[in-house]
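Residue-level structural notes
Residue strings, one per chain:
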Amino acid sequence: MIGNQKTLKIIHAGALQRVVENCVELLIKQNPGLKIKILGVGSREGAKRLLSGEHYDIIALADQALFAELLVPDLVENYFVFATDQLVIGYDRSSRGSKEITQDNWVDTLLDPQVNFARSDHDLDPCGYRTLMVWQLAEKFYGRTGLYEAMEAACIPYSIHPKSLDLAKALFTGKVDYAFLYSSEAEQLELPYITLPSKINLSNPAYANFYDQAVVTVESKIPGKSVILHGKPIEFAIGLSKDSQYPELAQSFVDLLTGSEGYSILEECGLIPC
Amino acid sequence: MDEEMISKFELAIPIDRTIQAELLLLLGQQPSHGYELIQRLNGADFKSGEADPATVYRNLRRMDKDGLIKSHWEVGESGPGRRLYELTPQGLEALKVWTNYLAEQKAKLENFLNTYLHFVKSQLEMDEGRDKP
């Protein structure tokens, strides 16, 4: 029995909400009395919260590169890649053009003035900067000069939907026709979605060199400064805070997520455990 | 067979059938994590199709469960920690069985191609015989 005073704090990518909730449920079963507080945010925002002094025992982010850029070695010692995913275009059955959109005509569908689409905030959420990378790669892949700028100009302002999970909610309420999401989010919410060619959807390490050509500038950890990010295959990672008060319990959570039970949960949630 | 039918025919050959042999061979050459394996597999001249990450990881887990490979988390020295896979003695045996199977398939395909060439030749000879006055 764990004393009531013990509260494990987890900060996680919004896209991992269901995964974390399911793992928390299992961990509490194994440790009756344990309290766990979870907070889902855009992963870049999450890492910056730690930098600003907020304390969490476990950090699960949608981009493994955030650990090296912002958290290692001061706040986190080691971190582990545990899942992959791909970027897709989610929509609702009532979205304009939803009966006609395909993997071949998605650019023209989204650029139709009657259609609206959204992405998340690239300064807060990896899904936001990954979407910009997908547009850059699509411009090269389809040989359509100006595609990136046209998509940026036509997209709903990114500040309205800070993280990708907000986009999914906007799809449900009909505020947005299409949104760039992780396929796992679309699967979990049972939203229909269009898959993109693997050469542009940031899913496959075989195309790492091609993805690397995509470049996005985001706010760095130093206020007023920016940092350049290159495209990479999507990888989710988890790490423990160096100053966790409950390192053994925190490690139990990581073991659970990266073990057979975690594998099943990740698969049920549409992610690819790795 | 038109192009569409040929495409459907090719799609009917499941990549899962040979990807395990390909992964076992790559892991026999050197232990690797999934990210690296996908890159090595796509760079190999024996790959049977584009290896998507879901297929690779699903097969790695299956073979890990079956004892053909084993894995452990490896802490990254300058990057992220990843699950590292390596071949087991059972995996090496499985690779030998796969190799024998593929050799048999190769022999059967060669027999098929030879028989087909004979068939084409006989058709040509028949056509030539018909054309003679």
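Residues numbered from 1 in each chain as written. Chains lettered and ligands numbered in written order. Predicted model: local features only at pLDDT ≥ 70, side-chain atom pairs only at ≥ 80, totals over all residues.

**Digging into the confidence of the model for chain B**
All names here are of chain B. For chain B, mean pLDDT is 87; residues scoring 70 or higher make up 86% of the total. Confidence, expressed as mean pLDDT per element, reaches its minimum in chain B at helix α1 (residues 3–11) with 50 and its maximum at strand β3 (residues 82–87) with 97. Residue range residues 9–13 is modelled with pLDDT below 50. Its contacts to residues more than four positions away, or to other chains, number zero contacts. Both scores are given for the predicted complex: the pTM is 0.90, the ipTM 0.90. (pLDDT = per-residue confidence, 0-100. Helix = DSSP H or I, 4+ residues; strand = E, 2+ residues; numbered from the N terminus. Contact = placed C-beta atoms within 7 Å.)

**Concerning the domain arrangement of chain A**
Residue and element names in this part refer to chain A. Its domain assignment divides chain A into domain 1 (7–84 + 235–273) and domain 2 (87–219). A separation of 26 Å is found between the C-alpha centroids of domain 1 and domain 2. The partner domain 2 presents 19 residues to the 16 residues of domain 1 that form the contact. Contributions of two or more residues to the side of domain 1 that touches domain 2 are made by α1 (17–30), β2 (35–41) and α2 (43–51). The element that contributes the greatest number of residues to the side of domain 1 that touches domain 2 is α2, accounting for three residues. In terms of residue class, the side of domain 1 that touches domain 2 is made up of five nonpolar, seven polar and four charged. (Domains from an automatic or database assignment. Nonpolar A, V, L, I, M, F, W, Y, C, P; charged D, E, K, R; others polar.)

**Observations regarding the sheet that holds strand β12 (residues 272–273) of chain A**
All names here are of chain A. Spatially, six strands are ordered β2-β1-β3-β11-β4-β12 in an open sheet, and the strand pairing comes out mixed. At either margin of the open sheet sits one strand with a lone partner, and together these are β2 and β12. Across six bridges, the pairing between strand β4 (residues 76–84) and strand β11 (residues 235–241) is antiparallel. Counterpart to Tyr79 in the pairing with β11 is Gly239. Of the strands in this sheet, β1 (7–13), β2 and β3 (58–61) are in contact with α1, which crosses β2 at around 175°. (Pairing = 2+ DSSP bridges. Axes fitted to C-alpha atoms, helices over the stretch in contact; angles between N-to-C directions.)

**Details of the packing of α1 of chain A against helix α11 (residues 260–268) of chain A**
Residue and element names in this part refer to chain A. One can describe the packing of α1 onto α11 by two numbers: an axis separation of 9 Å at closest approach and a directional angle of 145°. The hand of the α1/α11 crossing is right-handed. Here Val19, Asn22, Cys23 and Leu26 of α1 come into contact with α11, specifically with Glu261, Gly262, Ile265 and Leu266. Among the residues making up the contact of α1 with α11, the classes are represented as five nonpolar, two polar and one charged. (Left-handed = near helix turned anticlockwise from the far one by under 90°.)

**Examining the sheet that holds β3 of chain B**
All names here are of chain B. Spatially, three strands are ordered β1-β3-β2 in an open sheet, and the strand pairing comes out antiparallel. The two strands at the open ends of the sheet, each matched to only one other strand, are β1 (32–33) and β2 (69–74). Where β2 and β3 come together, six bridges link them in antiparallel fashion. Within β3, the position partnered with Ser71 by the bridge is Tyr85.

**Focus on the environment of Thr258 of chain A**
Assignment of secondary structure puts Thr258 of chain A in helix α10 (residues 247–258). When the 21 C-beta atoms within 10 Å are taken as the criterion, Thr258 of chain A is described as buried. Look past the residues within four positions of Thr258 of chain A in its chain and what remains in contact with it is Phe80 and Phe82 of chain A together with Trp73 of chain B. (Buried ≥ 20, exposed ≤ 12 C-beta atoms within 10 Å, placed from the backbone.)

**Notes on the pairing of β11 of chain A**
All names here are of chain A. β11 sits mainly inside the fold: seven of its seven residues count as buried. Pairing between β3 and β11: four bridges, direction antiparallel. Looking at β11, one finds that Ile58 is bridged to Leu240.

**Some details on the nonpolar core**
Soluble globular proteins: nonpolar side chains tend toward being buried together. Residues and elements named next belong to chain A. By size, the foremost hydrophobic cluster in this structure holds 100 residues, and its most contacted members are Leu61, Val134 and Ile238. With eight residues, helix α5 (residues 126–142) is the single largest residue contributor to this core. If sequence neighbours within four positions are ignored, Val134 has contacts with Leu87, Phe180, Leu196, Ile200, Asn201 and Leu202. (Core = buried A, V, L, I, M, F, W, Y, C linked by C-beta atoms within 7 Å.)

**Brief notes about the pairing of β4 of chain A**
All names here are of chain A. Burial analysis of β4 places seven of its nine residues in the buried class, the great majority of the element. In this structure, β4 lies alongside β12, joined through two bridges in antiparallel fashion. Bridge pairing links Thr84 to Ile272 in β12.

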